[in-house]
Amino acid sequence: MNETTDYTDNTDREKGAGRVLPIRVIREICGSLPLHLISPIPIMNLSRRDFLTRTALATGALALPRFAGANPPSAPLPMGKAEHCIFVWLGGGSSQIDTFDAKKIKGDGKKVAGCYYDTIETAIPGALFSEHLPHLAQLGEHLIPVRTVNHNVIDEHAAATNRMHTGRLPSGSVVYPSLGSIVAHQRGAALDGVPAYVVMGYPSATRGPGFLGPRAGYVYLTDTRSGPAGLALPPDISPERAARRRDLLATVREEYRGRITDPAPLEYDEAIAEGFRLQGGDFMKAFALEQEKDSLRAAYGDEFGQRCLLARRLIQRGVRFLEVGYNINFVNGAGWDTHNAAQKEQHKLIQGLDLSLAVLIEDLKANALLDKTLIVVAGEFGRPAQFDSGGGRGHHGKCFSVLLAGGGLRTGQCVGTSDDLAMNPVEDPVSVPDLFATILATLGVNPRKNAMAGERPVPLTDNGTPVAKVFV
Amino acid sequence: MNRFLLPLLALATSALAEGYDDLIAASHPVEHWTANPARVQPLLFGGAESVTGPRPPEFPQFGATNHAIGFKTAGASLRLADEGGRFTFRKDDTISIEIWVKCDGLNDGQNAYLIGKGRTGRAGQPAHNQNWGLRLREADGTARPSFVFRDERNATEGKDEYWHRWTATSGFLPGAGWHHVAVTYTFGQSESMRGWLDGEEIKGAWDMGGATALGPWADGDEVWIGTAMGGSAGASLRGALDAIAVYRSALTPEAVKARWQGAKPVATQSAPLPPITLAELPQDAVRVEIFEHRVSDADAAASDWAVNDSNKKEPTVEVSWSNLPPTKTDSWNEPAFALAELVPKYSPRGVRRDRTSPFLIRLAAAVTLPAGEHQMLIRAIRGGRLSIDGRVLATSSFYPQAGGPQLASDAEVVTDQLAVQLVKEVALLLPGHSEATATFVSDGRPHVIAYDLFVGGKNLRPELGRPSVSISTNGSPYRLLTADPQWFDFTDEGWTHFAREQRAHAAEVAAARRAQAEELAYWKSRHDLARVEAAKQPAVAVPAISNSQFSILNSIDAFIIEKLAKAGARQAPLADDASFLRRITLDTIGLVPTPDALTAFLADSHPDKRARAIDRLLAGPGWADQWVPYWQDVLAENPAILKATLNNTGPFRFFLADALRDNWSMDRFVTALVGMEGSGRNGGSAGFAVASQNDLPMANKAQILSSAFLAMEMKCARCHDAPNHPFNQEDLFAISAMLQRAPIKVPGSSLTQGLNVNSHVTVSLNPGQQIDAHFPFASLKTDPLPGVLRNPEDTREQLAAIMTDPRNERFAQVLVNRLWKRLLGFGIVDPVDDWENVSPSHPGLLTWLGRELITHDHDLKHVARLILNSATYQGVITDHGSRIVKARDRLFESPARRRLSAEQLVDSLFQVAGKNFDSEELNFDLDARRTSKDFLSLGNPQRAWEFVGLSNERDRPSLGKPAAQPFTDVLAGFGWRDSRAEPKSTREEAPNVLQPAMLGNGILGARITRLSDDSAFTALALRDQPLDDLITQLFQRVLSRTATARERAAFLAALAEGYADRVRVVSSSELPKKPRVTKFAMWSNHLHPDSTPVVYERERLVRAGDPPTPRLAAPWRERLEDAIWALIITPEFTYLP
């Protein structure tokens, strides 16, 4: 790593956040990636052919009504062919009207409701972004702003976060798995020896596997520098010490194995061996971000950008689902939860999102990964066009935006239209189950399939139907 | 209305009162006012009226019928024009004011006007034209005389620098009778300021705008008495005034003293707490008393046990020294003027209750301090008040900071606690605490020292904090004030030591509170009844075994061997002593044995040493630590420390711990649980009643209870009729109605929607349908035995009685089967929570064990003792015994191999290393500024079950808990759940790659291996002994056995280099200190930009790990750390022997 540049130091954010790089420059930086870092992505297995067949049927079904409810449950489901998902989490709930569903009506931060910023045209017909998303606006051909996602939980972050992670209302008798766990459970990792599901953010039950059990769980990290909790070798352990540890352990393990006859401790013993393999293997190398070119690291930007870069590297090593948290709360005090004065600095968050995400898209493209990787940008809810007494925004769940990108979808279009203030769906509302069904279908997972909670079959989504028009 | 017109009053101003008027007249006032109706009547405004004034015998200088002017409502006042500029002062003019005042109470920080000129808020007058004024200013609970004026620059902007305020540094307690206040000041001469209270001169300071050489604002505005600022409530006095006088000359100290001459005020006139006498106080101890507001008769009555405190409204009483809670509800003794833990309040049935909020704690003792001067330091989180012999010495503020911004984004600043604390060399001042100092000059005789403090308050979580009084004599280091020679340094370490002792003591007192004779007598009668009923059942014959190749230690073995013999299978031989002790210690107290316990056990040659070890372990408090996590899982205890939402419950872990510490009979345990009594948020069984964001919490609870205690799995019936069980949705809802104590209307949201005709489940209920409370299963006796029901109408009690009825042996059998599975690895019936469609492996044994429970007071320890003493339990673990087979084919040749539970693993690791957890407090509301509805404190964990999900769904770095996170990571990795939204009887134990990796590479494992000065391994390594002995001790400590020859050789080889020179001589001052954390991130400041770096810094410290000891040479130290690492990573550590 370049000694003089600490990319994760957030004091850099000031410089990075407001920076506008021409897309051309981003492409140059991304395109000149050393070839050895572009690792192959596994070919689809047999069961994937199945999905292909059905996708062909679904293509024919495009003429059918597109939205939930209108699509009879017996109709063939559209299916995508994405292999990976990067789920960017805007914790706190980002403001749709200040980001991906910007409106010409401009608010004043006080009494007059509206967009807090100027709007800019995008490469997507009919879509306006706020002025702080200049890069993504130009990358519209790869994007699908879903502008009419809605649910009814707004009073409490944890509950809404749960809704947008599990796609369900909580139940007293079953703990539902998160999207990442569903995907991990259904598809496993794309390559052996890596976890299927990685979270870059704080661990929480909401991100967990629920009834699917620990094997559908995640590995997490809160800091790209220190790597995943429990897998990175502690910095004070030299190779010499590591070897001594392994030698002593080998003796004790062998003596123990010699004394017992039952299988459970032997499985644990095998897990120890696997751990050593994982530690020395390709997966952990993903965290060596310093292997990347300085110009690329710099282009990705701050800690969130470095997480995006890490996401790309993990995908190259076979991780199936990544949740990338972007809620650095000392940029504006509150992250995306822009009540009161937090609104004033919101543009810094938006600019950071714009730049890092744009670089990620270009970088994935340069590595021929964009079509295989679905990017989802979501938060627990949106925010109203009105302002609170402190000049910020409250919570709003009736209509908010989720951004989809890449994934081999029919990008360059919008889903859903909201009213003048982005407060209510006007056309094509998308329920949370429909959104989840769309994401799962994009990843080749049948959203109607059941998973077993003990002896009890539970459908992967709560009657969700994929939004057909996004499928090719 | 106006009682000034009463003729009696005219008499009052006659000769008797003239004595005092003469005193005033002798000082030549510009004007003076009493309740003389003729003079003041035209001046009265806003309901000012005549009230009783200071009178004999307390105030002999006044007449027997003396009256004063009362001010009860905001704006009540006397108002008069400044005719001729009599009340207008300029630079170099001298003003004196004196007033008799009775103040009924002040709000926090309030400035109540006694008298003032200007700042009336009248039309046409500037807002800040304070010519002069005398006020009472609230500070630390006292009313302090405060003189104020705006200077002659006549600035109309509201800047502090134009104000000049002198406030006394002491005052009187509002509500405590009449006081005399006087001030004198020559404008322009700041040193001329003098003040008196009750005839004595008092010190003060210019605490706003500073002293000034400028004169006052001078205009023609009015003089108002009793209020200002248009009569606003904040400016208005609540109380009475008398003998008010204004002078244009200086009052002499002699004159002021004369005013108070002969006064004998009743000090505690409106303080309702009883005065304390030396004689009543205990010897050599500090008495703790709890006073509460409005404890209703119903609450206090023994019959009212079923109250659920969480249903009560949030308290609405503000903390105030003038509104002391009058009802004493508890009292016990403690060693010092400090508390780390309170004895909880218990219902007559031994379940935790909430105290009213706020409540008051009074610590009192007869203390003899050596003659001379002593410095005292008081601390409390909600205001403390120190008094000696009834005289208040110091009070600390109710809130260390002003109310604070309410907007989330306007977070409070992050305070460096060390920087703000008054005395630097003592224990750290924790967030939210206030403090004050006082000087006490002792005459060497015993004195009554009392320390009063509040807990809770309006919309405030009742947080005890760390109240303390500490003392320093002649500059000696502060120590906690005690009544005897016992000594606790008031340092961070000293506090830790004190807290450990005091907690243990409080736990003893609490246990005594729970052991209520009436309750114990009731359960004794229930258990007598159970034995009578059990005797009526057909007896279970214990099989007679004649085959001598089997070892039979008790009847359990006979049942097992009977089936083994039939199957031609072999019984495993008994495990060796070391394995036995490790297994039994983990199974009873959840820890690996200490090296001392192991050595003693191995050396013991008594033939019954195993039985005695079992008895010893069962008798200790560790049983609760081993069982609380089990019931947390089975009963879905699921508290959230931040805004409970997703099916969260209250923290009824404390109820579980109490019941298990006391080893309550299981029928009592379940009855108290089903009753859902006491505190919902502070540890009663009422916490079980909560299921946030659930459309029908009681259906959830019915399902949990039926699977936990009847092994009836009704989960499916929550939303539709159970397809594979004989339960309809109606059955579950009927039980739910029993728990609800009312019929249940079926919510539409609880019915599965959109089922198609081919679905294999059916929904037989309709939305809105009403289901009555009744027990739906005819297979159980539903008519409780006579005398069992204490409140026959209560359907919760009925349900508990049916479940625990001795004739319904299902309950007892379910419990003994759960116990059996915990100890043997498989159940006699498995799964333990769902007995539908499974047959027991040993039906006779199951019945026999259940009968043992029923006939032995429902004491689960009794049955545990039987199992632990059996050869079946004590056998060597074999592959046969560990194999998964159908329940009915199970033979129990040996116990099955079990992995340490997540909690056992973490607790054992720390026991082995001899270290404390040092986790953060599991609490986001460190300063106790929020409601208990949104925030909980689950304290600083000492055992692993005390952890909780860290609730950072918000993903905010400033809400991170970096010291707790490694614990919850490891715990979760091994099957503990950070959210227990649903019940779980059996955790998944399949190994995964993350488990050893997390231990081996993670922060927690590094803490265990790191040889810091607080590590037991460091002490071991420093011993002067051959390396061979060290290796023996190492293996004993970690794996409870000696090393094999091969292991010994390998460890000798690894540790030999540098062993001889490992010890470095280091003076104690060179030992590294654990870094002191003095800044804290919490909810109130977590959105402040400085708060995230505070957490990051803490995270950095946690990552750096415990500082390594310099007493061992680093290269060798690392070798030993590596050796320890190998011993904790090996599967042997993680599996029971």
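Please read all numbers here as calculations on a predicted model, not as lab measurements. (Residues numbered from 1 in each chain as written. Chains lettered and ligands numbered in written order. Predicted model: local features only at pLDDT ≥ 70, side-chain atom pairs only at ≥ 80, totals over all residues. Heavy atoms only, no water.)

K.L.:
Which parts of the structure should I look at to understand the overall build of chain A?
P.N.:
Within chain A, the secondary structure is distributed over 14 helices and 14 strands. Counting every position in chain A, which comprises 472 residues, the buried fraction comes to 65%. For chain A, long-range pairs separated by at least 24 residues make up 73% of all intrachain contacts whose partners lie at least 6 apart in sequence. Accessible surface for chain A amounts to roughly 16,300 Å². Of this, 55% is attributable to carbon and sulfur atoms. (Helix = DSSP H or I, 4+ residues; strand = E, 2+ residues; numbered from the N terminus. Buried < 20%, exposed > 50% of the residue type's maximum accessible area, 1.4 Å probe, protein only. Contact = heavy atoms within 4.5 Å. Areas by Shrake-Rupley, 256 points an atom, 1.4 Å probe, with all protein chains shown as cover.)

K.L.:
I tried to follow the overall build of chain B on my own but got confused; where do I start?
P.N.:
Across its full length, chain B holds 33 helices and 30 strands. With respect to the three principal axes, the spread of C-alpha positions in chain B is 120 × 80 × 60 Å. Contacts in chain B between residues at least 24 apart in sequence constitute 75% of all its contacts with a sequence separation of at least 6. Carbon and sulfur atoms provide 53% of the accessible area of chain B, an area that totals close to 41,500 Å². Between the mean site of the 123 positive side-chain charges and the mean site of the 135 negative ones, chain B shows a separation of 2 Å. (Lys, Arg positive; Asp, Glu negative; His and termini not counted. Charge placed at Lys NZ, Arg CZ, Asp CG, Glu CD.)

K.L.:
Please explain the environment of Ala422(A) as it appears in this structure.
P.N.:
Residues and elements named next belong to chain A. Within the fold, Ala422 resides in the loop between β10 (417-418) and β11 (425-427). With a relative accessible area of 0%, Ala422 lands in the buried category. Filtering out sequence-adjacent residues up to four positions away, Ala422 remains in contact with Gln96, Ile97, Asp101, Lys103 and Cys399.

K.L.:
Honestly, the nonpolar core in this entry has me stumped. Any pointers?
P.N.:
Most often, soluble globular proteins have nonpolar side chains that are buried together. Residues Trp631(B), Leu635(B), Phe669(B), Phe709(B) and Trp820(B) are the most contacted members of the largest nonpolar core, which totals 113 residues. By residue number, the principal contributor to this core is helix α19 (residues 809-824) of chain B, which donates nine residues. Those residues in contact with Leu635(B) that sit more than four places away from it in its chain are Phe652(B), Leu656(B), Phe669(B), Leu673(B), Phe688(B), Ile704(B), Ala708(B) and Phe709(B). Counting residues in hydrophobic clusters, the runner-up holds 74 residues, among them Tyr117(A), Phe283(A), Leu309(A) and Leu349(A). (Core = buried A, V, L, I, M, F, W, Y, C linked by side-chain atoms within 4.5 Å.)

K.L.:
Before we go on, may I ask you to explain the interface of chain A and chain B in this structure?
P.N.:
When the parts of a complex come together, some accessible area is lost, and that lost area is often taken as the interface size. With 78 residues of chain A at the interface, the matching set in chain B holds 83 residues. Interface area for chain A against chain B, summed over the two sides, is near 6,800 Å², with a carbon-plus-sulfur share of 56%. It is Tyr202(A), Arg245(A) and Tyr268(A) in chain A that bury the most area against chain B; as a group they hold 12% of the surface buried on that side. Counting across the chain A and chain B interface gives 15 salt bridges. Where Arg241(A) meets Glu1121(B), a salt bridge forms, and the shortest distance between an N and an O atom there is 3.0 Å. The interface formed by chain A and chain B includes 19 residue pairs in polar contact (both at pLDDT 80 or more). Among the secondary structure elements, those contributing two or more residues to the side of chain A that touches chain B are α5 (157-166), β6 (219-221), α7 (239-259), α8 (263-280), α12 (329-332) and β14 (456-459) of chain A. (Buried area = accessible area lost by both parts, 1.4 Å probe. Salt bridge = Lys/Arg side-chain N within 4 Å of Asp/Glu carboxyl O. Polar contact = N/O pair within 3.5 Å; in protein donor to acceptor, adjacent residues only side chain to side chain.)

K.L.:
Looking at this structure, how should I read the sheet that holds strand β26 (residues 446-455) of chain B?
P.N.:
Think of a sheet as strands paired side by side through backbone hydrogen bonds, with each pair either parallel or antiparallel. All names here are of chain B. Reading across the sheet, the six strands line up as β18-β17-β21-β26-β23-β24 and stay open at both edges, with antiparallel pairing between neighbours. For this open sheet the edge positions go to β18 (327-334) and β24 (391-395), each flanked by a neighbour on one side alone. Within this sheet the neighbouring strands show an average axis-to-axis angle of 20°, counted without direction. (Pairing = 2+ DSSP bridges. Axes fitted to C-alpha atoms, helices over the stretch in contact; angles between N-to-C directions.)

K.L.:
Could you clarify how one ought to interpret the environment of Ala35(B) in this entry?
P.N.:
Residues and elements named next belong to chain B. Position of Ala35 among the secondary structure elements: in the loop between β1 (31-33) and α3 (37-40). Ala35 gets classed as buried once you look at its relative accessible area, which sits at 5%. Taking the C-alpha atoms as reference points, Ala35 and Gly209, 174 residues apart in sequence, are found 36 Å from one another.

K.L.:
Could you clarify how one ought to interpret helix α15 (residues 666-675) of chain B in this entry?
P.N.:
Every α-helical turn comprises 3.6 residues, leaving residues that sit three or four positions apart pointing alike. With ten of its ten residues buried, α15(B) lies for the most part within the structure. Restricting attention to buried positions, one finds in α15(B) the residues Met666(B), Asp667(B), Arg668(B), Phe669(B), Val670(B), Thr671(B), Ala672(B), Leu673(B), Val674(B) and Gly675(B).

K.L.:
Which parts of the structure should I look at to understand the packing of α19(B) against helix α20 (residues 843-855) of chain B?
P.N.:
Between two packed helices, both the angle of their axes relative to each other and the distance between the axes serve to describe the pair. All names here are of chain B. Viewed as axis vectors pointing N to C, α19 and α20 meet at an angle of 105°, and their least axial separation amounts to 8 Å. If you check the angle between α19 and α20, you find them roughly perpendicular. Judged by residue contacts, Glu809, Ala812, Gln813, Leu815, Val816, Asn817 and Trp820 of α19 engage Leu845, Leu846, Thr847, Leu849, Gly850, Arg851, Leu853 and Ile854 from α20. Residue classes in the contact of α19 with α20 are distributed as nine nonpolar, four polar and two charged. (Parallel < 35°, antiparallel > 145°, perpendicular 65-115°, else oblique. Nonpolar A, V, L, I, M, F, W, Y, C, P; charged D, E, K, R; others polar.)

K.L.:
Got a minute to help me understand the confidence of the model for chain A in this structure?
P.N.:
Note: predicted coordinates in regions of low pLDDT should not be interpreted at a detailed level. Residues and elements named next belong to chain A. Averaged over all residues, the pLDDT of chain A is 84; the fraction at 70 or higher stands at 86%. Low pLDDT (under 50) marks residues 1-5, which in the prediction has six contacts with non-local residues, meaning those over four places away or in another chain. Note on residues 32-72: pLDDT is under 50 here. Beyond four places in sequence and across chains, it has 57 contacts. (pLDDT = per-residue confidence, 0-100.)

K.L.:
How should the state of the cysteines be read in this particular structure?
P.N.:
Covalent bonding between the sulfur atoms of two cysteines is what defines a disulfide. Residues and elements named next belong to chain A. One pass over the full model with this rule turns up zero disulfides over all chains. The thiol sulfur of Cys115 is not disulfide-bonded, and the nearest other cysteine sulfur, from Cys399, lies at 14 Å. The exposure class of Cys115 is buried, given its relative accessible area of 0%. (Disulfide = S-S within 2.5 Å.)

K.L.:
I'm lost on helix α11 (residues 595-603) of chain B in this one. Help?
P.N.:
Residue and element names in this part refer to chain B. Buried within α11 we find Pro595, Leu598 and Phe601. The buried residues of α11 occupy an angular sector of 130° when the element is viewed end-on, so they sit on one face. Exposed positions of α11 whose direction lies more than 90 degrees from the buried face are Asp596 and Ala603. On its buried face, α11 is in contact with α10 (577-589), α12 (609-619) and α29 (1027-1039). (Arc of directions from axis to C-beta.)

K.L.:
Could you clarify how one ought to interpret the packing of aromatic side chains in this entry?
P.N.:
A ring pair, where both rings are aromatic, is described by two values, the distance of the centres and the angle of the planes. Residues and elements named next belong to chain B. Enumeration according to the criterion identifies 58 aromatic pairs over all chains in this entry. Centre to centre, the rings of Tyr522 and Trp523 are 5.0 Å apart; their planes meet at 80°, and the pair counts as edge-to-face. Overall, the relative accessible area of 10% leaves Tyr522 in the buried class. The buried category is assigned to Trp523, whose relative accessible area is 3%. An aromatic cluster of three or more residues is present, and its members are Trp623, Trp627, Tyr630, Trp631, Phe655, Trp664, Phe669, Phe709 and Phe811. For the cation-ring pair, Lys961 lies above Phe924, with the distance from its terminal atom to the ring centre recorded as 4.8 Å. Its end group placed over the ring of Trp1116, Arg1062 keeps NZ or CZ at 5.9 Å from the ring centre. (Phe/Tyr/Trp six-rings, centres within 6.5 Å; stacked < 30°, edge-to-face > 60°. Lys NZ or Arg CZ within 6 Å of the ring centre and 35° of its normal.)

K.L.:
Can you help me understand unusual backbone geometry in this one?
P.N.:
Glycine aside, residues mostly have negative phi angles, and peptide bonds mostly take the trans form. All names here are of chain B. Omega for the bond connecting Pro56 with Pro57 falls within 30 degrees of zero, at 5°, which places this linkage in the cis form. You can see Pro57 is positioned in the loop between β3 (49-52) and β4 (67-71). A cis geometry characterises the amide bond from Ser357 onward to Pro358, with omega recorded as 0°. Even without being a glycine, Ser1040 presents a positive backbone phi close to 55°. Tracing the backbone through its elements, the reader meets Ser1040 in the loop between α29 and α30 (1045-1056).

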